[in-house]
Amino acid sequence: MEAIVLNAIDAPLTLQEVPIPELGADEALVELKAAGMNKRDWWIWKGQYAGLKFPIILGSDGSGIVKSVGSNLPESWQGQEVIIYPAAGWGSSEAHQSKDFQILGLPVNGCYAQYVKVKSDMLYPKPAYLDFKQAAAFPVAGLTAYRALFVRGGWQKGEKVLISGVGGGAGTFALQYALAAGAEVWVTSGNQQKLQKAISLGAKGGVSYKETGWAEKLQSQAGSFDVIIDSALGEGFADLVSLAGQGGRIVFFGGTAGNIPPLNGRTVFWKQLSIVGTTMGSPKDFEQMLSFMQTHQIQPVIDGVYPLAQAQQAMERMSQGGSKFGKMVLTIGS
Ligand SMILES: NC(=O)c1ccc[n+]([C@@H]2O[C@H](COP(=O)([O-])OP(=O)(O)OC[C@H]3O[C@@H](n4cnc5c(N)ncnc54)[C@H](OP(=O)(O)O)[C@@H]3O)[C@@H](O)[C@H]2O)c1
């Protein structure tokens, strides 16, 4: 089969011929139709991710058709259109993943390929209202945003939401979910066009985090927030503490702009704030996300679709930030 195999840090992302994976008894082989790209793939490519190993086929997000199944699995799976839960080994607690948790695309081979083998419990029927490209855009970013907003953020009806850095894959899903649930949503972005796009999707307003005094400006327009979703950290994170209202929850799952800066601890305890980390989500979160998507017919915001052979161009577009808004998707096969 053809796959984008990463052989070393920063090596060119080119198609190579590799063997089709052999199946264990509880595994299924999926003929991929599309793979979604995530910032994680970029961090791995650039050597900035824990547990690197080479060669590795990148890609945590995939959709396709079950080609064959291991001996323990019902043959009825064959020919089914599926979306893949992007990890294995979450474990028995809904509060956190287990030590055995593994994300598809490192350490095991992922979805930038014609075929991927996955454990059978990673397979879910593809929502019929989505095509393969749309379905492949959801898993990591959609799941992360879902758990951040509803599970770890505990959003309740009537609460106001701020999405910081809305232009990324996870940020756009957080915006769409919060809007679909009926929240008043405000956003920040480093790019005016992205602010306008977010407003056209339904955000009430937004400011650029690059502008001096952005937090004061936002507060004067919007007041304070009950749930704040962030994936950047960095200096701007301290302003999120000022922007949170009494009992607010600041939920974060990435550190694109750095680490947590010094915070005003007195503000944190006086407002009874929760600063909450989250990572991806459990299979239960994934099922609930699929149901929520289906109910609200959520269409992913896709910035660009590239053939698998152009994975490198797509990755470069993803890394530039710039005007990119939403997900990058690779198409596979005819
Ligand atoms: N822990 C997990 O499970 C998990 C899951 C998904 C993602 N992540 C992490 O979350 C981050 C975003 O992932 P992604 O896939 O959405 O990446 P992405 O599509 O490349 O987006 C990067 C995001 O960073 C925002 N950003 C950059 N500098 C910022 C700043 N100073 N203040 C606020 N926002 C800033 C950008 O906002 P604008 O473009 O609007 O300026 C954009 O939303 C990455 O670090 C990724 O590794 C973690």
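- The protein carries the name Zinc-binding dehydrogenase in an unreviewed UniProt entry, which gives Arachidicoccus ginsenosidivorans as its organism.

Quick word on the sheet that holds strand E11 (residues 160–163)
Note on sheets: strands pair through backbone hydrogen bonds, and any given pair is parallel or antiparallel.
Step number 1: Overall, parallel pairing links the six strands, which are arranged E13-E12-E11-E14-E15-E16 in an open sheet. In this open sheet, the two strands that pair with only one neighbour each are strand E13 (205–208) and strand E16 (274–277). Between one strand and the next, the sheet's axes are offset by a mean angle of 20 degrees, whatever the strand orientation.
Step number 2: When strand E15 (residues 244–252) meets E16, the two strands line up parallel, connected through four bridges.

Side note on the side chain of Asn-191
Step number 1: Along the chain, the position of Asn-191 falls in the loop between strand E12 (184–189) and helix H5 (192–201).
Step number 2: What makes Asn-191 buried here is its relative accessible area of 16%.
Step number 3: At 3.1 Å, the side chain of Asn-191 forms a polar contact with the backbone nitrogen of Lys-194.
Step number 4: Excluding anything up to four places from it in sequence, Asn-191 contacts Gly-322 and Ser-323.

Examining the pattern of salt bridges
Step number 1: This structure, assessed with the given rule, holds nine salt bridges.
Step number 2: As a salt-bridge pair, Lys-33 and Glu-31 come within 3.9 Å of each other at their nearest N and O atoms.
Step number 3: In this structure, Glu-81 engages Lys-126 in a salt bridge whose closest nitrogen and oxygen atoms are separated by 3.5 Å. Taken together, the positions of Glu-81 in strand E6 (residues 81–84) and Lys-126 in the loop between strand E10 (123–125) and helix H2 (132–137) put the pair 45 residues apart, joining distant regions of the chain.
Step number 4: Residue classification places Glu-81 among the partly exposed residues on the basis of a relative accessible area of 38%.

Rules of the game
- Residues numbered from 1 in each chain as written.
- Predicted model: local features only at pLDDT ≥ 70, side-chain atom pairs only at ≥ 80, totals over all residues.
- Heavy atoms only, no water.
- Pairing = 2+ DSSP bridges.
- Helix = DSSP H or I, 4+ residues; strand = E, 2+ residues; numbered from the N terminus.
- Axes fitted to C-alpha atoms, helices over the stretch in contact; angles between N-to-C directions.
- Buried < 20%, exposed > 50% of the residue type's maximum accessible area, 1.4 Å probe, protein only.
- Polar contact = N/O pair within 3.5 Å; in protein donor to acceptor, adjacent residues only side chain to side chain.
- Contact = heavy atoms within 4.5 Å.
- Salt bridge = Lys/Arg side-chain N within 4 Å of Asp/Glu carboxyl O.

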